[in-house]
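Notes for the structure review
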There are 2 protein chains.
Amino acid sequence: MTTNSLPTDGNANHYRHLEQHFRYLINQEALLPGDKLPSEREIGEQFRLTRITVRQALQTLEAQGLIYRQNRRGWFVSPPAVIYKPAQRKSFVEYVSKQGLHPQTELISQELIAADQQLSKQMQTSKGTPLLKLHRRRSIEGRPVLIEHMILNVNLLSGIEKEDLSQSLTRMLPRFGQTYHAMDLTFKSTALPTSAATDLGIAAGLPGLQIERINYNESGEIIEIDYEYWRHDAVIIQVGIHGQ
Amino acid sequence: MTTNSLPTDGNANHYRHLEQHFRYLINQEALLPGDKLPSEREIGEQFRLTRITVRQALQTLEAQGLIYRQNRRGWFVSPPAVIYKPAQRKSFVEYVSKQGLHPQTELISQELIAADQQLSKQMQTSKGTPLLKLHRRRSIEGRPVLIEHMILNVNLLSGIEKEDLSQSLTRMLPRFGQTYHAMDLTFKSTALPTSAATDLGIAAGLPGLQIERINYNESGEIIEIDYEYWRHDAVIIQVGIHGQ
DNA sequence: GTTCAAATCTGGTATAGACCAGATATACAA
DNA sequence: TTGTATATCTGGTCTATACCAGATTTGAAC
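Residues numbered from 1 in each chain as written. Chains lettered and ligands numbered in written order. Predicted model: local features only at pLDDT ≥ 70, side-chain atom pairs only at ≥ 80, totals over all residues. Heavy atoms only, no water.

1. Brief notes about the interface of chain A and chain B
At the interface, 33 residues of chain A touch 33 residues of chain B. Both sides together, the interface formed by chain A and chain B hides about 3,000 Å², and carbon and sulfur atoms give 54% of it. Taken as a group, Ser189, Val239 and Ile241 of chain A account for 21% of the area that chain A buries against chain B, more than any other trio of residues on that side. Summed over the shared surface of chain A and chain B, the number is 0 salt bridges. (Contact = heavy atoms within 4.5 Å. Buried area = accessible area lost by both parts, 1.4 Å probe. Salt bridge = Lys/Arg side-chain N within 4 Å of Asp/Glu carboxyl O.)

Here you go:
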């Protein structure tokens, strides 16, 4: 058999060098958050590496949260992660702004439905209860970072479906005589489901952080259940646990 | 230029089919937790795909937490994730066992040191305070899932360095007149640092979950600071937040 | 200037083949 | 039976090349 390839140098860890190169540029602030990296092909030419090797390096940097990609648009330097402290009960807009970053919320869809068997059980309410399903996308510094699927108990928030639902719910609740009192949180590091990945404009199957949040009012009724899918590199969670 | 390749069929999503195939086998329990998958080369032959394509499918399943790899040993089906509820203050051994899984702890290293400038600040104690650095690996069902780096204040736990430190600290503390009272937790989804990845026997740069935990006693002194690096697919975290 | 179709650029997916290092199994010697 | 050297297997890294689909830019027509 003839071989028509160059030597493969199969264990030289070229992609680690590339990784170091970009890590250095980012640390030195030669590349700033939001900046676009050269295309995979350009990087390959510059470093005399194949695209596969270049992609491996970029994917490693992505796993480390230093860069991210936008489908068929290119690779970009990640903005810093936002710190989320659930116990403070601040709205997304509030805690992102306080950290000097610029939040945005888009309403993707809303739907008024009646609770079926499964949903009524989940929401601890009776069958037929009116529920509002919300689907929103939230961005920081123009980068989509989180997809939200919410289910609200409209019996506790009657008329809420007529509000501007791209606004903060946390701030809206007092007008309906409700406040978040207790919440149950579940965190899980998992691959983003296809739909969430599409909404975030990234490739499916990338690692992400899933947060499930059940919000109770003072009476212990469920106001709202919230499923959030975050870009893995966009958030740091801090929780304090006190007393016995 | 001559072309000596077969058509590349460059957008057929073959690896999604492979992904579905194994997902199905795992769901049907034709493949059980801990089972070894065929080698990448065997899978490639069976499905007439290149190894690169096969690897892409396997890596996607890995991101979803369904399978994991051991360096140069092969791919295996993941055991179910363990649920960790920090507020319950149960030991690792306790909450893993309660879920019907088998925990193990290995002490990798221990070192008695004196607090320098930085450490004393971190531990909120005076310079020169004796500290114990622990480095442990914990496994579930024989699979290493977490690397722990701990720093203990020996002034609060004098003589602890003579104990068997592969045992549960949580259970050991009462003997030293200490109990975990409050804790501050920070969660971050990030790539595993090289050292942690090596200790877990996996490739560096894979996504993981980093937990930082600061444990306080009743007097508000720091007993211990704990840095944990978890396999991303090995743990689900649940926290309840109550009261204002 | 505005509109819209075509060219171009970018990442996504894929084939074919290769060498390396660590883990494992095998066979042989003591 | 017990080591131990060796062959083999497996994933890890790499070259070279190709086509596809969506995003962006370009340029011509209006």
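2. Topic: the nonpolar core
If you look at the biggest cluster of nonpolar residues, it comprises 40 residues, and the most contacted ones within it are Trp230 and Ile237 of chain A together with Trp230 and Ile237 of chain B. The residues touching tryptophan 230 of chain A, leaving out its near neighbours within four places in the chain, are Val82, Phe92, Tyr95, Val145, Leu146, Leu192, Gly208, Leu209, Ile211 and Val235 of chain A. (Core = buried A, V, L, I, M, F, W, Y, C linked by side-chain atoms within 4.5 Å. Buried < 20%, exposed > 50% of the residue type's maximum accessible area, 1.4 Å probe, protein only.)

3. With respect to helix 3 (residues 51-63) of chain A
The end-to-end C-alpha separation of helix 3 of chain A is 18 Å, in line with the 18 Å expected for 13 residues at 1.5 Å each. Listed as buried for helix 3 of chain A are Thr53, Val54, Ala57, Leu58, Thr60, Leu61, Glu62 and Ala63 of chain A. Elements that come into contact with the buried residues of helix 3 of chain A comprise helix 1 (14-27), helix 2 (40-47), strand 1 (67-70) and strand 2 (74-77) of chain A together with strand 7 (182-191) of chain B. Of the residues flanking the end of helix 3 of chain A, it is glycine 65 of chain A, one or two places downstream, whose phi is positive at about 85°. (Helix = DSSP H or I, 4+ residues; strand = E, 2+ residues; numbered from the N terminus. Expected span 1.5 Å × (residues − 1).)

4. Thoughts on the packing of helix 2 (residues 40-47) of chain B against helix 3 (residues 51-63) of chain B
Residue and element names in this part refer to chain B. Two elements in contact, helix 2 and helix 3, have axes whose closest approach is 9 Å; the angle formed by their N-to-C orientations is 110°. As judged from the angle between their axes, helix 2 and helix 3 are roughly perpendicular. Every residue of helix 3 that contacts helix 2 at Glu40, Arg41, Ile43 and Gly44 is listed here: Arg51, Val54, Arg55 and Leu58. By residue class, the composition of the contact of helix 2 with helix 3 is 3 nonpolar, 1 polar and 4 charged. (Axes fitted to C-alpha atoms, helices over the stretch in contact; angles between N-to-C directions. Parallel < 35°, antiparallel > 145°, perpendicular 65-115°, else oblique. Nonpolar A, V, L, I, M, F, W, Y, C, P; charged D, E, K, R; others polar.)

5. Re the domain arrangement of chain A
A common way to express how large an interface is: the accessible area buried when the components associate. Residue and element names in this part refer to chain A. Here chain A is partitioned into domain 1 (14-77) and domain 2 (82-237). At the interface, 8 residues of domain 1 touch 7 residues of domain 2. Among the residues domain 1 hides against domain 2, the three largest losses belong to Glu62, Tyr68 and Arg69. Together they make up 60% of the total. There are 0 salt bridges connecting domain 1 and domain 2. The interface formed by domain 1 and domain 2 holds 2 residue pairs in polar contact (both at pLDDT 80 or more) in total. When residues of the side of domain 1 that touches domain 2 are traced back to their parent elements, those giving at least two are helix 3 and strand 1. In terms of residue count, the dominant contributor to the side of domain 1 that touches domain 2 is strand 1 (4 residues). Residues that form the side of domain 1 that touches domain 2 fall into these classes: 3 nonpolar, 3 polar and 2 charged. (Domains from an automatic or database assignment. Polar contact = N/O pair within 3.5 Å; in protein donor to acceptor, adjacent residues only side chain to side chain.)

6. Re the sheet that holds strand 9 (residues 222-231) of chain B
Strand order in the open sheet made by the 8 strands is 3(A)-10(A)-7(B)-8(B)-9(B)-6(B)-5(B)-4(B), with mixed pairing throughout. Taken across any chain shown, the strands that pair with only one partner, and hence form the sheet edges, are strand 3 (82-84) of chain A together with strand 4 (103-114) of chain B. Adjacent strand axes in the sheet meet at a mean angle of 15° when their direction is disregarded. Bridge analysis of strand 7 of chain B against strand 8 (residues 207-216) of chain B gives 10 bridges, and the strand direction is antiparallel. Opposite lysine 188 of chain B, over in strand 8 of chain B, you have glutamine 210 of chain B as the bridge partner. (Pairing = 2+ DSSP bridges.)

7. Some points on the packing of aromatic side chains
Residue and element names in this part refer to chain A. Applying the stated criterion across every chain yields a total of 9 aromatic pairs over all chains. Here the aromatic residues Tyr84, Phe92, Tyr95 and Trp230 are joined through ring pairs into a cluster of three or more. Its end group placed over the ring of tyrosine 68, arginine 143 keeps NZ or CZ at 4.5 Å from the ring centre. (Phe/Tyr/Trp six-rings, centres within 6.5 Å; stacked < 30°, edge-to-face > 60°. Lys NZ or Arg CZ within 6 Å of the ring centre and 35° of its normal.)

8. Quick look at the sheet that holds strand 4 (residues 103-114) of chain A
With respect to topology, 8 strands assemble into an open sheet ordered 4(A)-5(A)-6(A)-9(A)-8(A)-7(A)-10(B)-3(B), the strand pairing being mixed. With one partner strand each, in any of the chains shown, strand 4 of chain A together with strand 3 (82-84) of chain B form the two edges of the open sheet. For this sheet, the mean inter-axis angle between neighbouring strands, taken without regard to orientation, is 15°. Bridging between strand 4 of chain A and strand 5 (residues 130-140) of chain A involves 11 bridges; their strand directions are antiparallel. Among the inter-strand pairings, alanine 114 of chain A is bridged to a residue of strand 5 of chain A, identified as proline 130 of chain A.

9. A word on the packing of helix 1 (residues 14-27) of chain B against helix 3 of chain B
Each packed pair of helices is defined by two parameters, the angle between the axes and the distance between the axes. Residues and elements named next belong to chain B. The geometry of helix 1 relative to helix 3 is characterised by a closest axis approach of 8 Å and an angle of 50° between their N-to-C directions. When the axes of helix 1 and helix 3 are compared, the pair comes out oblique. In this structure, the crossing between helix 1 and helix 3 has a hand that is right-handed. Where helix 1 approaches helix 3, its residues His14, Tyr15, Arg16, Leu18, Glu19 and Phe22 are matched on the opposing element by Thr53, Val54, Gln56, Ala57, Thr60 and Leu61. Considered class by class, the residues forming the contact of helix 1 with helix 3 number 6 nonpolar, 4 polar and 2 charged. (Left-handed = near helix turned anticlockwise from the far one by under 90°.)

10. Some remarks on the relation of the copies chain A and chain B
Overlaying chain A with chain B gives an RMSD of 0.0 Å, the required rotation being 180° about an axis along which the chain moves by 0.0 Å. Viewed as a symmetry operation, the transformation between the two copies matches a two-fold axis. Take the interface residues of chain A: 100% of them recur as interface residues in chain B, which is what a same-surface contact looks like. (Least-squares fit on C-alpha atoms with pLDDT ≥ 70 in both.)

11. Let's talk about the pairing of strand 9 (residues 222-231) of chain A
All names here are of chain A. Summarising burial for strand 9: 10 of the 10 residues are buried, a large majority. Alignment of strand 6 (residues 143-153) against strand 9, held across 7 bridges, turns out to be antiparallel. Looking at the pairing, leucine 152 lines up with glutamate 224 of strand 9. Of the pairings in the sheet, the one linking strand 8 (residues 207-216) to strand 9 comprises 9 bridges and is antiparallel in character. Note on strand 9: the bridge partner recorded for isoleucine 214 is isoleucine 225. Between strand 8 and strand 9, which pair antiparallel in sequence order, lie 5 residues; one of them, glycine 220, sits at a positive phi of approximately 85°.

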